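# Reading the structure
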Amino acid sequence: MRIEYKLELDKIDMPYFSIDSSEGIHKLFTLSATLLNLLEAKESVCVTIHGGSAQDPERKAKALEQIIESGRQEDRRYGFERVRSGSIENTHYLWVTIRRL
């Protein structure tokens, strides 16, 4: 089965992304670059991080925050809010909202 879908960012209030905590640091840098670009046009973005242990999502969230902070323009400020965390079956998750301040 094939589904075609046209995504128009200007019609989305808050873009959502997801990443597995087992992904390497290169994926976090790629995601961070995408988020920084989006935050030029959007007020906020949301990322869910999921992984096998309860500590994995929080560690990745801290790394994501460090990467974004290291790459941001001097005149930009971002807020990082841990919205919700929990587990489903054997997977732990953390939702993080990143806002332009």
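For the structure itself, consult the block above.
Reference entry: report on the structure contained in this document. Since this is a predicted model, take the numbers as computed values, not measurements. (Residues numbered from 1 in each chain as written. Predicted model: local features only at pLDDT ≥ 70, side-chain atom pairs only at ≥ 80, totals over all residues. Heavy atoms only, no water.)

## A few points about unusual backbone geometry
Of note, the phi angle at Glu89 is positive, near 55°, even though the residue is not glycine. Locating Glu89 in the fold gives a position in the loop between β3 (78-88) and β4 (91-100). (Helix = DSSP H or I, 4+ residues; strand = E, 2+ residues; numbered from the N terminus.)

## Here we look at the environment of Lys6
By the secondary structure assignment, Lys6 is in the segment before β1 (16-20). For Lys6, a relative accessible area of 65% gives the class exposed. Here the alpha-carbon distance between Lys6 and His50, two residues 44 residues apart in the chain, equals 26 Å. (Buried < 20%, exposed > 50% of the residue type's maximum accessible area, 1.4 Å probe, protein only.)

## Notes on a nonpolar patch on the surface
Together, Tyr5, Leu7 and Leu9 make up an exposed nonpolar region whose accessible area comes to about 370 Å². Note on placement: Leu7 falls in the segment before β1. You can call Leu7 exposed: its relative accessible area is 54%. (Patch = residues over 30% accessible without salt bridge, like charges linked within 9 Å, V, L, I, M, F, W, Y side chains within 5 Å. Areas by Shrake-Rupley, 256 points an atom, 1.4 Å probe, with all protein chains shown as cover. Salt bridge = Lys/Arg side-chain N within 4 Å of Asp/Glu carboxyl O.)

## Let's talk about the sheet that holds β4
Pairing within the open sheet is mixed, and its 4 strands lie in the order β1-β2-β4-β3. The open sheet terminates on both sides in strands that have one partner only, identified here as β1 and β3. For this sheet, the mean angle separating the axes of adjacent strands, direction not counted, is 20°. Sitting on the sheet, helix α2 (residues 56-71) touches β2 (44-51), β3 and β4, and the angle it makes with β3 is about 160°. (Pairing = 2+ DSSP bridges. Axes fitted to C-alpha atoms, helices over the stretch in contact; angles between N-to-C directions. Contact = heavy atoms within 4.5 Å.)

## As for the pairing of β1
With 5 bridges connecting them, β1 and β2 associate as parallel partners. Pairing of Tyr16 across the sheet is with Cys46, part of β2. Between the parallel pair β1 and β2, the chain is carried across by helix α1 (residues 25-38), and the sense of this crossover is right-handed. (Right-handed = clockwise from strand over helix to strand, strands pointing away.)

## With respect to the side chain of Ser32
Mapped onto the elements, Ser32 comes out in helix α1. Given a relative accessible area of 2%, Ser32 falls into the buried group. Beyond its immediate stretch of four places on either side in the chain, Ser32 contacts Leu64, Ile67 and Ile68.

## Considerations on α2
Between its first and last C-alpha atoms α2 spans 23 Å; for 16 residues at 1.5 Å apiece the expected length is 22 Å, and the two agree. Within α2 the residues assigned to the buried category are Pro57, Lys60, Ala61, Ala63, Leu64, Ile67 and Ile68. Buried residues of α2 fall within an arc of 165° about the axis and therefore sit on the same side. The exposed set on the far side of α2, more than 90 degrees from its buried face, consists of Arg59, Gln66 and Ser70. Elements in contact with the buried residues of α2: α1, β2, β3 and β4. (Expected span 1.5 Å × (residues − 1). Arc of directions from axis to C-beta.)

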